[in-house]
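Each chain, written out:
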Amino acid sequence: DWIREYPDGRSVTEMEMYYAAMKDDETRAKNKAFFYLRDPAFLKHVPKEHIAKFVDQNEESKQRLREFKDRLIEEFPDKVFNNYPCKWGGVVDGVPTVTGLEEFGKRVTSDLWGAICEHFGIEKRDDRPVEIVEEEDETVAFEQREMERHRSFIGLKASRFVGRTELLAQFDAYITGGDDQDGSLPLVAVGKPGAGKSALLAKVCYDHMRKHPSDLLVPVFIGITPQSPQLIVLLRCLCRSLLDSLGSDDSLRTSVDDLRAQFYDLLERCGTQQRVIVVIDAVNQMTTDNRAHSMQWLPRKLPKGCKLIVSTLEGDTHDALVSRDPKPPLVLVGPLSEEEKREIVVRTLEHYRKKLDDRKNNDQLGLLTKKSDAASPLFLAVACEELRLFGVFERVTDFIGSLPEETQELMQTVFLRLERNEGEDLVREALSLVECARGGLPEDDLLRILRQKMEHLNRAEWARVYRALEFLLRPIDEAARNTLVDFFHRQVSKSVRDRYLGSEDTITALHRMLMRYFLSCARESCKGGSYLWKPNQPRPYRDVVYHALQCNDVKAVLSALCNVVFVEMKLSQGLGDELLRDYDLALARGSNELLHEYSSFVRANLQLLTRFPALSIQTALNVPTAESNLEQDAKTIWKEMEADLRPPVVLLQKSRSYAGSAMLGGGKMTDGEESIDISSTRFRGSSGIVASDDILRTVTVENENVVLGEAVRGFRDLITSVALCSNGTLLAAIQDGTVCVVRNGAIVATSRVSDSNVISMDVTDSGIVALGLRSRKVVLTTVDELTRGETVTASNTEHQGPISAIAISRDGTRVVSGDFYQLSYSRDTYSSAIVYSVENNSLKQQGKLTYTQTVVTPQGPEHRTIQAHYNGVHALAWHPNGSQVASGGGDFVIRLWNTEDEIELLGVLNGHTRRITALEYSPSGKFIVSGSEDSTAIVWHSETLAALGTIAGSFGVMRGVGVSETNEGEPLHVFTASGSTVSVWSFARSRDANAPVSESAITAAASCGARVVYGTKDGSLYEQTMKQGKKSSVSGQKLLSGGEMVAGVVVSPDISLAVYSSGKAVVAGGAEGNFRARSSASTGGSRSVQDISAVLGIREGDGKLQQIIVGDMCGSVRSYSADLRQQWSVSDGHVSRSGVFSLCTDQDNHVYAGFGNGSVASVNESGFTWIAGMTYEAALAIAARHGVVARCGTAVEAYVDGSWAWSQVLGEPASPVFAAEITPRSNRLIVVTQSKDVFVFDPRTGTREASMAFAYPSLGELLSCASFNFEANKLYLSLGYGSGRAAWLRIVEREEPEIPSIYQA
């Protein structure tokens, strides 16, 4: 009706505006309408021949337009931008244009954003639109976020997919087919660049998810996230997805080799529960790290129930895949058909409400699809984008004809258009920076760098460039706070390089610009011209060294990698793997002593520093080498930062050499010119054998140099284990389930294992071979049988997981095997090792490597049988005598066992900080050498269990170790294989500043002032005194000789008292007494004499000894005077079966006792006042002060002001507490564990404020601890070890209870 009433002769545009914004009814959008009126002065600069394009020549129409404008200005005074400026832009492609619209664009952006903010109730900011993001859940793992991006990509690409019906049918037939020959192999899709492989695989995933929702689909599209091209990230994402499908919280393994094995294991487990389809797109885009392009990480044969699809361009990845035996099935993603080309164009333009003419007399569609590269989806996508932006309808046919025939030329047309529209400098700089950056650049970073040259660049100008390129960029991560700008297609990268990066000088300058920018983000200037690295986002720390290397700035490389704070900051961002890669790349450019020292330090402490990055400075301060460059750097940094950091815990005595050994020579494992990591090694004397992927080489040491033999090739799959016979025969176990015999550099025979593939192997000099299988079985065979090519049969075992380690004694009469078994619901699981005797060429189980652990329960002591190791048995070795065996596990320790008659645990070797990976005895059996994931090798004495020296200059996981001896029976050379290097080291015992206190183990310690008295296993007392000066020093003497183990020590200024386990008490140089308890009904019935289990001395204010408190294994607590006379004795029936495990006093000298059943009580002559009831573990240590009583077993619990307030478990696996103390000044709970860790808690809240490690293997087992304060703000700990040595630690306290950083002792 309103149209009939509207004045005649009005334009359609006017009526549309009236209806939408001015008509007075519910349809009116007055508050959401904006009007922009051009400055009429613009027309003065328009040539007469083009004026009609901008203004109506009819006077009546001009008048109506003026009236309507006046009405708009009157009715919408704040919604009209009147007289916006603009300029005549000339004629472009035959079309008159307008330029100078920057003010117009800014006003439109501001108006629209303001309306959006008003509608949604958002506070508008003047500088830029606010970012509306949900808080990221930090508990979600990085791998899970990565996989979510890949799953999102499926819908994005599949939504516009057309055609390829036959190819889709081929993929569907493979996925839904059986596990026959081709069905058990990966499927390889190959095609030229831009052929549409990514979209095709996205469509395959999308269709399969809809048809088979119960299947497990794991998609990875390499290139859509910055980290996805890295092999280690790919394997972590795949393994995490499989673990999640199993409902498992198992931890991911760390190295690429271990992740590769874990990936196969998880495929096998998942395939038994549901069909598993893994899709990996664009493997050719992976980085070359870890030999990713060799494709050895991809299973050659898949477990049942599993399918795997990969896509690649032609090139090295394609060649590696098709050269496999058996050859995997291939799908060729060829050119589009004519029908598919036309459909893609129609569907793409239809999205923008556009179409091309397809009539015979004007077949615009056919003209486009007949271009040379039109069979490439990428070409059509770029061409459609150019058509979408072309605005002259009458000239579309001519424009299509002018488009280049090939993709690369078409890309140059796109860049030329961008340069013309947005400015050549902006386009060149932006695209060049994105190409040189590793994995693109976040949008904010890119704009900041561009503004260094273009100060006035605004977001509106950049937004136009971004929108024009968006279809060629990585998909936007909707959850990201800062859009990442990077090219999705490698062809775009090539085009950018061809156009803008023609010279090395240009590329170097761009890398230098990026390096300086990231340096400015990551550090700030300090006084004296120095710099301080500061917390920031991960990107600067991830890329600054990379760009410094690319522009050959050695000074910048060293300033970062040889700075402890940089190490801390990079590790705090979760970039441990990147940090190791930085060191590898930097050292590959040239050797540097300081760089090598830092690299060794990081590798040796990576696990600790990854968990607690703030330990970095403290750990550097405590490197065992006195006056090292690293330590001096750490001291300098400490002084600069002292005002901001809590003072450290300091190891007061250090050895004079970090590793008492020097590298004499090394050999690189290479494939052509490329270094490749060693995956399996075995040493025998001064010779050995090493394997990398599918290459095998011999190792010999000649004149203290490593000589690698010619590469043996021709293996059909990855080499999983190797062995070396004394006659030079080599054995290689292959992942496909075969064992190859190699002689004189050639494979002479191949035998198949009937049941499964071999993952561990050992052989005797006489040729008896033991094989450990993934199927939890073992094989006993001979080299002769393998040479004949016979199929060997496996024997069942009681193992619950794959046989990860196996060893056979030198005489061939004993075999030991270990497994790696993890439950899906348990992060830490005990793994077993089984000993067999060889009888009639078959295996007979003798027993398992187990030990007994006593746990006190409410029902009394319970003896539990514990299997060999936590988290897998990964290394085994027989002593030459054939009765002693060494085992190394995922719990970082080595255990020595006697298997002669009954299996007995002989001792435990602590010193490594990560999984044990290799063990070997010396020829005489006097020494053991161990290798670990912590990149160190340690030589141990097999009888005293002392660590004799550490090799700490290697790179990567130790895959093999060996040790030779002199004629005098001393270690001569140590052999190691780690990273890609086989090394030989001279050996010298570490010169340790911690001189032995005694020849016997220190079993008890107590302090008074700066004086500590130690009691030993042989009954002696020794004294040490701390002398303070510019440098702390320790002096000592022997006080008393005895004959039985000292259970406790009491010290005052004038008395040193030893209390023996039998109850005998002896004052050094003085009286003797008897602290024994006689039997009674309440203290144990028939037990007449109870061993002393805890001793505590209480001193008066002047330091004189006032009282001696003694607890025994009967549960009694007694008090004695300083002259050894008994004052009182108390006991309680309900603890009669549980001894006193710990004693302490509070600030008022009230006595507390902790019992083996977990009970805690305050004690006096009247009896026990119970604070805590029974638990399932002993109260190994207790501490009390100011209303807090802490009880410590494998967990720490605190009783605060009358009730239990908090509890925390220490470590994984939990380590029992050895000692506990609440500091008098800062009121902090210090806990020392048997695994040689220190933890600092706020005793009232349970906040863990610090964690420290002081695992020095040369000191042996920790057996005693004494704490003392002889300076106002320093707490000292003196630690006594099984080696008879003692270590002193200093903890500096502050009165303010601020949360400290985490430091290493």
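We now turn to the structure provided with this report. (Residues numbered from 1 in each chain as written. Predicted model: local features only at pLDDT ≥ 70, side-chain atom pairs only at ≥ 80, totals over all residues. Heavy atoms only, no water.)

A separate point is the side chain of Thr976. In this structure, Thr976 sits in strand β48 (residues 971-978). Here Trp985 takes part through its side chain, which lies 3.0 Å from a polar atom of the side chain of Thr976. (Helix = DSSP H or I, 4+ residues; strand = E, 2+ residues; numbered from the N terminus. Polar contact = N/O pair within 3.5 Å; in protein donor to acceptor, adjacent residues only side chain to side chain.)

A word on the packing of aromatic side chains. In this description, an aromatic ring pair is defined by two values, namely the gap between the centres and the angle between the planes. Following the criterion strictly, the structure yields 21 aromatic pairs and no others. Arranged with centres 5.8 Å apart and planes meeting at 25°, the rings of Phe683 and Phe975 form a pair that is stacked. Placement of Phe683 in strand β20 (residues 680-684) and of Phe975 in strand β48 is noted, with a sequence separation of 292 residues between them. When the centroid spacing of 5.5 Å and the interplanar angle of 85° are considered together, the rings of Phe1155 and Phe1168 count as edge-to-face. Of this pair, Phe1155 sits in strand β63 (residues 1151-1155) while Phe1168 sits in strand β65 (residues 1167-1172); the two residues are 13 residues apart in sequence, bridging distant segments of the chain. Under the relative-accessibility criterion, Phe1155 is labelled buried at 0%. (Phe/Tyr/Trp six-rings, centres within 6.5 Å; stacked < 30°, edge-to-face > 60°. Buried < 20%, exposed > 50% of the residue type's maximum accessible area, 1.4 Å probe, protein only.)

Further remarks concern empty space enclosed by the protein. Within the structure shown, the criterion is met by four cavities of 30 Å³ or more. In this structure, the largest cavity encloses a volume near 960 Å³. Surrounding the largest cavity, 39 residues form its lining, Ser679, Thr720, Ile759, Ser804 and His874 being those nearest its centre. Breaking the lining of the largest cavity down by element, the ones donating at least two residues are α9 (256-271), β20, β24 (719-724), β28 (758-763), β31 (803-808), β39 (873-878), β43 (916-921) and β47 (958-965). Take the lining of the largest cavity: its biggest share by element is five residues, from α9. (1 Å grid on protein atoms, 1.4 Å probe; cavity = no way out; pocket = protein on both sides within 12 Å on 5 of 7 lines; lining within 4 Å. Points joined across faces, edges and corners; volume = space filled by probe spheres on them.)

Strand order in the open sheet formed by four strands is β58-β59-β60-β61, and the pairing between neighbours is antiparallel. The sheet terminates laterally at β58 (1092-1099) and β61 (1126-1130), the two strands that pair on one side only. Going from strand to strand, the sheet's axes swing by 15° on average, the running direction of each strand aside. (Pairing = 2+ DSSP bridges. Axes fitted to C-alpha atoms, helices over the stretch in contact; angles between N-to-C directions.)

What follows concerns the sheet that holds strand β5 (residues 187-191). Strands sit in the order β6-β7-β8-β5-β9 across an open sheet of five strands; the sheet is parallel. With one partner strand each, in any of the chains shown, β6 (216-221) and β9 (330-333) form the two edges of the open sheet. With direction set aside, neighbouring strand axes in the sheet form an average angle of 15°. Here β5 runs beside strand β8 (residues 306-312); their pairing, made up of four bridges, is parallel. Residue Leu187 lies in a different strand from β8, and its bridge partner there is Ile309.

Grouped together as the largest cluster of nonpolar side chains are 103 residues, with contacts concentrated most on Leu356, Leu368, Leu433, Trp533, Leu561 and Phe566. Top contributing element to this core by residue count: helix α20 (residues 504-522), with 10 residues. For Phe566, the contacting residues outside a window of four places in its chain are Trp533, Tyr541, Val544, Val545, Ala560, Leu561 and Leu579. The next biggest cluster of nonpolar side chains, apart from the first, holds 66 residues, and it includes Phe161, Ala195, Leu234 and Leu246. (Core = buried A, V, L, I, M, F, W, Y, C linked by side-chain atoms within 4.5 Å. Contact = heavy atoms within 4.5 Å.)

Our next topic: the pairing of β58. In terms of strand pairing, β58 meets strand β59 (residues 1105-1112) through seven bridges, oriented antiparallel. Counterpart to Ala1094 in the pairing with β59 is Gly1111. Between β58 and β59, which pair antiparallel and follow one another directly, the connecting turn spans five residues, one of which, Gly1103, has a positive phi of 95°.

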